[in-house]
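Summary of the model geometry
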Amino acid sequence: MLVVATVSFVLIRLAPGDPASVIAGPYASADDIGRLQTALGLDQPLPVQLVKWYGRLARGDLGDSIFLRRPVLEAIYERLEPTLLLTGWAMLIAVLVGVPVGVVSARHHNSFLDQSFMALALIGLSVPNFLLGLLMILCFGVWLGWLPVAGYVALEGGLWPNVRSLIMPALALGLVQSALIARITRSSMLDVLREQYILSGRSKGLTERTVVYKHALKNAIIPTLTVIGITFALLIGGAVVIETVFNIPGLGRLMLRRDYPVVQGVVLLIALTYTAINLLVDLAYLAIDPRIRFR
Amino acid sequence: MKVAPWGDRGSNANSAHERTRYLGVRSFLRRRSAVIGAVLVAANVLVAIGATVIAGVDPQALDVKARLARPTATHWFGTDHVGRDAWSRVIHGARLSMVVGASVVALSFVGGLAFGVLGGYYRALDNVLMRMMDGVMAFPGIILAIAMMASLGPSVFNVIVALGVVYVPRVARIVRGSVLVIRETPYVEAARALGIGDGRIIARHVLPNCLSPVIVQGTFIFAAAVLGEAALSFLGVGVPPQIPSWGNVLAEGRSYLQQAPWLTLFPGAAIMASILGLNLFGDGLRDLLDPKLRGIQGAARES
């Protein structure tokens with residue numbers, strides 16, 4: 001935790017250039033900049049700044065934004081909804097598309113269906129999400145006119161308008177990730193389907209459905225879960241990019257300015273969430289596979 | 001219900017047969033796709049080297065009369081909002097992508113090998129180094145790169161540094177894993193017994209033996225770096241806008257998606273072809289150098 005916090009502080013602050021001169025603008029005198037630096041506490045040596053930041057962090061205070069002149073937490077909270085919803089939908093799409101595609105591919109191994117799915121997955125791995133987003137805007141927004149080209153309707157503007165504004169971004173983000181999940185699910189299903197207990201399940205007359213979904217999938221899901229943990233990192237990173245593509249006022253927008261406290265806050269928050277998700281994934285192993293025990 | 005081909009195997013002999021046939025088919029397919037990948041990568045490299053010749057026109061030259069022009073005989077990919085030739089910019093973008101990709105790979109190799117070998121070989125350093133690496137790895141890659149770029153400011157060099165920092169720990173982890181195994185092998189022990197110094201053992205015995213998984217990883221890092229550069233530039237925190245890069249062309253094209261979709265389609269196709277090529281090539285290389293990792297490692301790469 002402490003390491004994560006320090007890394008996020010040091011990496012961002014070590015960079016040359018300082019926000020005081022950015023706020024003051026190109027015509028400000030050195031004197032003005034100096035005064036601003038003092039006001040913002042940027043003139044103190046780095047370690048001092050770091051310790052002060054820790055102190056505030058321990059009290060749950062992420063500091064004030066340099067540009068917005070208000071608490072970082074407040075600014076983050078305001079922008080949380082779209083990012084959270086976008087990531088959630090995208091995750092749902094990634095899993096709901098990726099896992100079934102992987103299972104079907106494994107069941108019909110080396111068939112035409114399998115090969116076309118895997119070719120698609122390979123293409124999916126090669127398309128950056130923002131490109132897919134742009135292509136979707138072009139296709140469904142500009143040419144077909146089915147969905148809004150960009151923008152975001154907050155939840156309070158109604159559920160349907162909100163969902164409508166998120167369909168394309170979530171698909172762009174989720175589909176790309178589903179490729180990874182499909183590949184892993186397929187390869188681990190293939191391994192499991194070669195096991196003896198699958199053979200014995202088949203020979204005692206269980207239906208193919210029971211064998212595949214109840215016995216095989218349950219055993220094959222562990223690597224998939226691991227990938228879902230990794231997927232989350234890619235999704236949240238992708239969300240930042242996709243928000244720009246679709247003009248969604250989410251966390252990503254906060255990160256693209258040289259506003260140290262805000263960038264630090266957002267990065268820290270994301271790293272924490274990522275760590276928490278990975279912990280959840282580890283806990284899910286326990287629930288699924290009784291052989292796994294924590295020492 | 002369809003019976004899967006491996007469902008009816010009875011004896012071990014049969015299963016062994018099934019297995020070889022299965023691997024044979026697969027490696028054949030893999031090899032073919034690896035060839036396609038290699039061709040795509042080679043094409044990309046050639047374009048990057050010969051960019052000035054192939055492009056024909058200066059990527060910065062303005063054709064003011066033909067702003068946002070459709071693709072024509074003079075402007076193959078059309079022109080952008082100030083009348084620059086998109087073909088030339090996409091071709092020069094290939095050069096930039098290759099430069100960024102190669103530099104990021106080089107940087108992450110140097111850093112990753114250094115940290116990985118030190119951590120794996122000298123147990124005392126291991127804990128400190130690996131916790132540092134974990135610290136960096138606790139951030140989703142692109143987020144870390146964006147955060148660094150937001151404070152470093154846009155430039156090609158900074159993009160390379162930011163992406164390099166992201167991938168150093170990933171290389172270091174792999175290297176450390178191999179070094180931990182290698183340092184316990186009889187030949188290292190023998191070398192030590194002969195009184196050969198640590199430096200020489202590392203250079204002569206440890207380094208060469210931990211290279212092949214790293215090289216495989218290198219192709220995936222290359223792909224991820226090309227993607228990363230495009231994403232950063234697209235967001236406006238990567239390469240400065242006047243330099244032709246795929247991300248920049250896409251970012252500029254985004255505002256004119258309705259009037260000039262070619263500004264999105266062509267650089268998009270270029271990115272896809274280059275990443276696809278690298279991924280296929282990487283898969284093939286992995287099968288060749290490191291068959292143990294088949295099917296698992298590459299897919300789990302992080303961008």
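Source: prediction; values computed, not measured. (Residues numbered from 1 in each chain as written. Chains lettered and ligands numbered in written order. Predicted model: local features only at pLDDT ≥ 70, side-chain atom pairs only at ≥ 80, totals over all residues.)

A look at the overall build of chain B
Inclusion rule: What counts as a helix is a DSSP run of H or I of at least four residues, what counts as a strand is a run of E of at least two, and both are numbered from the N terminus. Throughout, a pair of residues is in contact if the C-beta atoms placed from their backbones lie within 7 Å.
Within chain B one finds 11 helices and zero strands. Going residue by residue from the N terminus, the α and β elements of chain B occur as α-α-α-α-α-α-α-α-α-α-α. Contacts in chain B between residues at least 24 apart in sequence constitute 69% of all its contacts with a sequence separation of at least 6.

What about the overall build of chain A?
So the rule is basically this: To sort residues by burial, count the other C-beta atoms lying within 10 Å of each one's C-beta; a count of 20 or more means buried, 12 or fewer means exposed, and anything in between means partly exposed. C-beta atoms are built from the backbone.
Counting its secondary structure elements, chain A contains 12 helices and zero strands. Residues counted as buried form 41% of the 295 residues belonging to chain A. Within chain A, residue pairs in contact and separated by at least 24 positions form 74% of the contacts whose partners lie at least 6 positions apart.

Things to note about the packing of helix H7 (residues 186-193) of chain B against helix H8 (residues 198-209) of chain B
All names here are of chain B. The following threshold applies: Axis geometry follows a simple rule: fit a line to the C-alpha atoms, using only the stretch in contact for helices, then measure angles between N-to-C directions, giving values from 0 to 180 degrees. Working definition: roughly parallel below 35 degrees, roughly antiparallel above 145 degrees, roughly perpendicular at 65 to 115 degrees, and oblique for all remaining angles. Crossing handedness is defined as follows: a turn of the near helix away from the far one that is anticlockwise and smaller than a right angle gives a left-handed crossing, while the clockwise case is right-handed. All amino acids are sorted into three groups, where Ala, Val, Leu, Ile, Met, Phe, Trp, Tyr, Cys and Pro are nonpolar, Asp, Glu, Lys and Arg are charged, and the leftover types, Gly among them, are polar.
Two elements in contact, H7 and H8, have axes separated by 11 Å at closest approach and are oriented at 160 degrees. It follows from the interaxial angle that H7 and H8 lie roughly antiparallel. The way H7 lies across H8 gives a crossing that is right-handed. From H7, Tyr187, Val188, Ala191 and Arg192 reach across to H8, where they touch Ile201, His205 and Val206. For the contact of H7 with H8, a count of residues per class yields five nonpolar, one polar and one charged.

Describing helix H7 (residues 129-143) of chain A
Residue and element names in this part refer to chain A. To be explicit about the condition: How far a helix is expected to stretch is found by multiplying one less than its residue total by 1.5 Å. Here the bend at a residue is taken as the angle between two axes, fitted respectively to the seven residues that end there and the seven that start there.
Under the 1.5 Å per step criterion, the end-to-end length of H7 is 20 Å for 15 residues, consistent within 8% with the ideal 21 Å. A bend of about 25 degrees at Ile137 is the largest found in H7. Buried within H7 are the following residues: Asn129, Phe130, Leu131, Leu132, Gly133, Leu134, Met136 and Ile137.

As for the nonpolar core
Short version of the rule: Buried Ala, Val, Leu, Ile, Met, Phe, Trp, Tyr and Cys residues whose C-beta atoms connect them within 7 Å together make up a nonpolar core.
Counting 158 residues, the largest nonpolar core has Ile143(B), Ala145(B), Ile146(B) and Met149(B) as the members making the most contacts within it. A total of 18 residues in this core trace back to one element, the largest contributor, which is helix H10 (residues 208-245) of chain A. If sequence neighbours within four positions are ignored, Ile146(B) has contacts with Val240(A), Met255(A), Leu232(B), Leu235(B) and Val237(B).

Digging into the confidence of the model for chain A
Residue and element names in this part refer to chain A. In plain terms, the rule: Values of pLDDT, which run from 0 to 100, indicate the predictor's confidence residue by residue.
Of all residues in chain A, 71% attain a pLDDT of 70 or more, and the chain-wide mean is 73. Mean pLDDT across the elements of chain A ranges from a minimum in helix H2 (residues 19-24), with 48, to a maximum in helix H5 (residues 72-107), with 83. For the stretch residues 14-26, pLDDT sits under 50, and the model shows 21 contacts to residues farther than four places along the chain or on other chains.

Thoughts on the environment of Ile230(A)
Residue and element names in this part refer to chain A. Secondary-structure assignment places Ile230 in helix H10. Take Ile230: there are 21 C-beta atoms within 10 Å of it, and that puts it in the buried class. In sequence terms Ile230 and Tyr274 are 44 residues apart; their C-alpha atoms lie 8.7 Å from each other.

Some points on the environment of Val216(B)
For Val216(B), the position within the fold is in helix H9 (residues 211-235). Residue classification places Val216(B) among the buried residues on the basis of 23 C-beta atoms within 10 Å.

A word on unusual backbone geometry
The backbone of Asn247(A) sits at a positive phi, close to 55 degrees, despite the residue not being glycine. On the secondary structure map, Asn247(A) appears in the loop between H10 and helix H11 (251-255).

Details of the confidence of the model for chain B
Residues and elements named next belong to chain B. Looking at chain B as a whole, the pLDDT averages 77, with 79% of positions reaching at least 70. The low-confidence segment residues 1-17, where pLDDT is below 50, has 12 contacts with residues more than four positions distant or belonging to other chains. Across residues 294-303, where pLDDT falls below 50, the model places 26 contacts with residues more than four positions away in sequence or in other chains. Interface predicted TM-score (ipTM) for the complex: 0.72; the corresponding pTM is 0.76.

Observations concerning helix H10 (residues 246-254) of chain B
In terms of burial, H10(B) is a largely internal element, eight of the nine residues being buried. Here H10(B) has its buried residues at Trp246(B), Gly247(B), Asn248(B), Val249(B), Leu250(B), Ala251(B), Glu252(B) and Gly253(B).

Quick look at the environment of Ile146(B)
All names here are of chain B. Looking at the secondary structure, you find Ile146 in helix H5 (residues 141-152). Accessibility expressed as a C-beta count within 10 Å gives 26 for Ile146, which makes it buried. Expressed as a C-alpha distance, the spacing of Ile146 and Phe109, which sit 37 residues apart in the sequence, is 21 Å.

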